[in-house]
Amino acid sequence: MASPLSLGVLISGSGTNLQAIIDAIERGELNAVIRVVLSNRGDAYGLARARHHNLPTVVISHKDFSSREVAGFMRLLSPFFIRAFPQRIVNIHPALLPAFPGTHVQRRALEHGVRVSGVTVHFVDEEMDHGPIIAQAAVPVYADDSEESLSARIRTQEHRIYPQAIQLFAEGRLEVRGRLVIVHNEARAPTATLRSPEPL
Ligand code: GRF
């Protein structure tokens, strides 16, 4: 088996997706090692999840720094950060992009009366919730749904497809062609080890 993919997981809150990634690694379904869990909030519950699994944690509050470039990390990653890891940063968003980028996603989906919503895993580019799509899963939206009930239905799918998408990356099966991600049946190149970014 290829050497495990080195992961840094960036969180801000409950970290249920972090937990799904940890669980997938422990079940042997994701060939990866989490090298660091980085939070921009010291009170993020995901930090406790990380510590419970003896994972290194770092808190970098963007509020302590004069700019995003100095902080190095914020909720919307700076172009400086993204250019250091081209096509190596992945985000999960609780909607079927390009519908409903941004925040208050489920509320806006309900306000629009959509019948179907879902989750998108995508490479990060310099626009918010915009980069090439790796994987999506759809869920039904019911007339009596609340933000909470729809979020919970979507969250179940997040936890399923995020580790799967990362495993495809770990296997070197993802090729970005412009706006598109081609998923190859077999690994193309041994991308499973971390390449150092270009010097900053
Ligand atoms: C998820 O809804 C994800 O789609 C969005 O932020 C939320 C993170 O939740 N990007 P968690 O911290 O993984 O529980």
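Note that the coordinates shown come from a computational prediction; the quantities given were computed from them, not determined experimentally. (Residues numbered from 1 in each chain as written. Predicted model: local features only at pLDDT ≥ 70, side-chain atom pairs only at ≥ 80, totals over all residues. Heavy atoms only, no water.)

Visitor: What is the right way to look at the packing of helix α1 (residues 16-26) against helix α6 (residues 147-170) in this model?
Guide: Think of two packed helices as two axes; the pair is described by the angle between the axes and how far apart they sit. Viewed as axis vectors pointing N to C, α1 and α6 meet at an angle of 50°, and their least axial separation amounts to 9 Å. Accordingly, the angle class assigned to the pair α1 and α6 is oblique. When the axes of α1 and α6 are compared, the crossing they make is right-handed. Residues Thr16, Asn17, Ala20, Ile21 and Ala24 of α1 form the contact with α6, whose own contacting residues are Arg155, Glu158, His159, Tyr162, Pro163 and Ile166. (Axes fitted to C-alpha atoms, helices over the stretch in contact; angles between N-to-C directions. Helix = DSSP H or I, 4+ residues; strand = E, 2+ residues; numbered from the N terminus. Parallel < 35°, antiparallel > 145°, perpendicular 65-115°, else oblique. Left-handed = near helix turned anticlockwise from the far one by under 90°. Contact = heavy atoms within 4.5 Å.)

Visitor: For this particular structure, what's the right way to read the nonpolar core?
Guide: Side chains that are nonpolar tend, in soluble globular proteins, to be buried together. Grouped together as the largest cluster of nonpolar side chains are 41 residues, with contacts concentrated most on Leu18, Ile34, Val37 and Ile134. In terms of residue count, α6 provides more of this core than any other element does, nine residues in total. Apart from the residues within four sequence positions on either side, isoleucine 34 is in contact with Leu7, Val9, Leu18, Ile21, Ile22, Ile25, Leu55 and Pro56. Judged by nonpolar contacts, the second largest core, of five residues, contains Phe81, Ile82, Ile89 and Val124. (Core = buried A, V, L, I, M, F, W, Y, C linked by side-chain atoms within 4.5 Å. Buried < 20%, exposed > 50% of the residue type's maximum accessible area, 1.4 Å probe, protein only.)

Visitor: How should helix α2 (residues 45-52) be read in this particular structure?
Guide: Side chains that are three or four residues apart share a direction in an α-helix, a result of its 3.6 residues per turn. Within α2, the full set of buried residues consists of Gly46, Leu47, Arg49 and Ala50. The buried side chains of α2 occupy one side of the element, clustering within an arc of 155° when seen end-on. In α2, those exposed residues whose orientation departs by more than 90 degrees from the buried face are Tyr45 and His52. Those residues of α2 that are buried lie in contact with β1 (5-11), α1, β2 (32-39) and β3 (57-59). Backbone geometry just downstream of α2 places asparagine 54 in the positive-phi region, at approximately 55°. (Arc of directions from axis to C-beta.)

Visitor: Please explain the site of the ligand as it appears in this structure.
Guide: If you check the shell around the ligand, you find Gly13, Ser14, Gly15, Thr16, Asn17, Ile92, His93, Pro94, Arg155 and Glu158 and nothing else. Threonine 16 places a side-chain nitrogen or oxygen 2.5 Å from an oxygen atom of the ligand. Glutamate 158 has a polar side-chain atom sitting 3.1 Å from an oxygen atom of the ligand. If the ligand stood free it would expose 360 Å²; the protein chains cover 74% of that surface. (Near = heavy atom within 4 Å. Polar contact = N/O pair within 3.5 Å; in protein donor to acceptor, adjacent residues only side chain to side chain. Areas by Shrake-Rupley, 256 points an atom, 1.4 Å probe, with all protein chains shown as cover.)

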